[in-house]
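# Examination of the molecular architecture
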Amino acid sequence: HIMKRILFIIIVSLSVQSLSAQSSFSEIKNNHSWVWLGLDFSNTKLLGREGFNDPKKIIDYYFIAWNQLIFDEGEKYDVKKAFKLKQMYTDDSYFDAINSTVKLNELFVDRSYSLSESDINNIVEEYNFSNIKQTIALVFIVERLDKAKEQAVFWVTLINSRTKEIVLTERMIGKPGGFGFRNYWAGSIYDIIKQIKKKKSKEWKRI
């Protein structure tokens, strides 16, 4: 049993080292298993009060509903295809508890609001990956839903789940659109996935 344990530790540490040493996005894509965890709303702010007339429902219902939608309609919100992966695991409930921690009195901001890369690092540091078997975790950290500018801002983030090292993070702006409140903002997620598929995955290949 001790030998097995030592061997397991060696294998895990080798996979961590090889990931840290990866110089290209292509190698990370081809040589590691990925898990798609969905949307982190824990640091999201809403701009433009007139666009959000039931903020409590946004926390209690829509944060979960948007997250569930992208997994339930995986063929439409096809992250695996956007990243050109052969296989991608999913965990559709990872952010449920995290997203329920949002405080109602902190949800709105009346001025500009943005996250920085160091904020993203701090957010990721709080994640618990003890039940995650895959080496790469993909998350969309939602910065803000901005009704006045008609945009939603996301940090598309790839994380080494063994070390919590950020492999890649990029701030992207999605354009919402669709009938009804849920679908309108879900449109911005669809837009981000479309941008990754059309353009970003080629750009990241060169990293």
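Located above this text is the structure these notes cover.
The notes below deal with the structure included here.

Scoring rules and cut-offs
- Residues numbered from 1 in each chain as written.
- Predicted model: local features only at pLDDT ≥ 70, side-chain atom pairs only at ≥ 80, totals over all residues.
- Heavy atoms only, no water.
- Helix = DSSP H or I, 4+ residues; strand = E, 2+ residues; numbered from the N terminus.
- Buried < 20%, exposed > 50% of the residue type's maximum accessible area, 1.4 Å probe, protein only.
- Contact = heavy atoms within 4.5 Å.
- Phe/Tyr/Trp six-rings, centres within 6.5 Å; stacked < 30°, edge-to-face > 60°.
- Core = buried A, V, L, I, M, F, W, Y, C linked by side-chain atoms within 4.5 Å.
- Patch = residues over 30% accessible without salt bridge, like charges linked within 9 Å, V, L, I, M, F, W, Y side chains within 5 Å.
- Areas by Shrake-Rupley, 256 points an atom, 1.4 Å probe, with all protein chains shown as cover.
- Salt bridge = Lys/Arg side-chain N within 4 Å of Asp/Glu carboxyl O.
- Lys, Arg positive; Asp, Glu negative; His and termini not counted.
- Charge placed at Lys NZ, Arg CZ, Asp CG, Glu CD.
- Pairing = 2+ DSSP bridges.
- Expected span 1.5 Å × (residues − 1).
- Bend = angle between axes of the 7 residues up to and from the residue.

### What about the side chain of Gln134?
With respect to the helices and strands, Gln134 occurs in the loop between α6 (117-125) and β4 (136-146). According to the relative accessible area criterion, Gln134 is buried, its value standing at 11%. When near neighbours in sequence (up to four residues on either side) are disregarded, Gln134 contacts Ser33, Trp34, Val35, Tyr89, Ser161 and Arg162.

### Topic: the packing of aromatic side chains
Applying the stated rule across the entire model yields 25 aromatic pairs. Ring centres of Tyr94 and Phe129 lie 6.1 Å apart, and the angle between their planes is 25°; on these two criteria the pair is classed as stacked. Here Tyr94, found in the loop between β3 (89-90) and α5 (96-99), pairs with Phe129, found in the loop between α6 and β4; they are 35 residues apart in sequence, far enough to count as distant. Like Tyr94, the residue Phe129 is buried in the burial classification. With 5.8 Å between their ring centres and 65° between their planes, Tyr127 and Phe129 make a pair best called edge-to-face.

### What about the nonpolar core?
Inside soluble globular proteins, nonpolar side chains tend to come together where they are buried. Ranked by internal contacts, the top residues of the largest apolar core, which has 44 residues, are Trp66, Phe83 and Phe140. When residues of this core are traced back to their parent elements, those giving at least two are α2 (25-31), β1 (34-40), α3 (55-72), α4 (79-82), β4, β5 (151-160), β6 (166-174) and α7 (181-205). With near-sequence residues (within four places) excluded, Trp66 lies in contact with Leu39, Phe41, Ile58, Leu145, Phe181, Arg182, Trp185 and Ala186. The next biggest cluster of nonpolar side chains, apart from the first, holds 20 residues, and it includes Val35, Leu37, Leu47 and Tyr113.

### Concerning a positive patch on the surface
There is a patch of like positive charges on the surface, built from Lys81, Lys84, Lys194, Lys197, Lys198, Lys202 and Lys205. Ranked by residues supplied to the positive patch, first place goes to α7 with five residues. By the element assignment, Lys194 lies in helix α7.

### Regarding the pairing of β1
Of all seven residues in β1, seven are buried; the element is thus mostly enclosed. Bridging between β1 and β4 involves six bridges; their strand directions are parallel. Paired with Trp34 across the strands is Ile136, a residue of β4. Inspection of the sheet shows β1 paired to β3 by two bridges, in the parallel sense.

### Some remarks on α7
Here α7 contains 25 residues, and its C-alpha end-to-end distance of 35 Å stays within 8% of the 36 Å for a straight helix at 1.5 Å per residue. The sharpest bend along α7 comes to roughly 50°, located at Lys197.

### Comments concerning the pattern of salt bridges
Throughout the structure, instances matching the rule amount to nine salt bridges. For Lys200, the salt bridge is made with Glu170, and the minimal N-O distance between the two is 2.4 Å. A residue pair is termed long-range when its members are at least 10 positions apart, and Lys200 in helix α7 and Glu170 in strand β6 qualify at 30 residues. Given a relative accessible area of 11%, Lys200 falls into the buried group. Look at Glu170 and you get partly exposed, because its relative accessible area is 23%. Put simply, Glu143, Arg144, Asp146 and Arg171 are held in one network by salt bridges that share partners.

### A word on the pairing of β6
Taken together, the eight bridges between β5 and β6 define a ladder with antiparallel strand orientation. For Val156, the partnering residue across the bridge sits in β6 and is Glu170. Taking the residues between adjacent antiparallel strands as the criterion, β5 and β6 are bridged by five residues, where Lys164 takes a positive phi near 65°.

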